[in-house]
Amino acid sequence: MAHTETKGIPVIDPNVRHVGVSKLRQFNAERLRTLDKTLVIQDDDMPLAVMLKYEQYLEIQRVMATLEELLREQNGLITSQDDGTTKPFSEISRSLKK
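In short, a report on the structure. (Residues numbered from 1 in each chain as written. Predicted model: local features only at pLDDT ≥ 70, side-chain atom pairs only at ≥ 80, totals over all residues. Heavy atoms only, no water.)

From N to C terminus, the chain includes three helices and seven strands. Counting helices and strands in the order they occur from the N terminus, the chain gives β-β-β-α-β-β-α-β-β-α. In the chain, buried positions account for 14% of the 98 residues. Within the chain, counting contacts between residues at least 6 apart in sequence, those at least 24 apart form 11% of the total. (Helix = DSSP H or I, 4+ residues; strand = E, 2+ residues; numbered from the N terminus. Buried < 20%, exposed > 50% of the residue type's maximum accessible area, 1.4 Å probe, protein only. Contact = heavy atoms within 4.5 Å.)

Right under this line is the structure:
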């Protein structure tokens, strides 16, 4: 994934805009509904926070959950879809061979 830098801040998505803190005063419910860019709120070129659509936030949460699950599997643990218990892969593998 290629990215560029803006004043030392990595930019991965071209839909990201860097704005000053004072820009926040311009946002009301209607403007937030029509937000089409992710905003990095900064003060004196120092990033402070990120504003994005709620749907994007939910997608990030889904990706993070998937990554956590993959890391658990990579570490030899698998979580049962039935009851949520976690077992070492080696134990599951042995039971499948029987």
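Read on for the rest.
For the rest of this paragraph, the subject is a nonpolar patch on the surface. On the surface, Ile 60, Val 63, Met 64, Leu 67 and Leu 70 cluster together into a nonpolar patch covering about 430 Å² of accessible area. In this structure, Ile 60 sits in helix H2 (residues 54–74). (Patch = residues over 30% accessible without salt bridge, like charges linked within 9 Å, V, L, I, M, F, W, Y side chains within 5 Å. Areas by Shrake-Rupley, 256 points an atom, 1.4 Å probe, with all protein chains shown as cover. Salt bridge = Lys/Arg side-chain N within 4 Å of Asp/Glu carboxyl O.)

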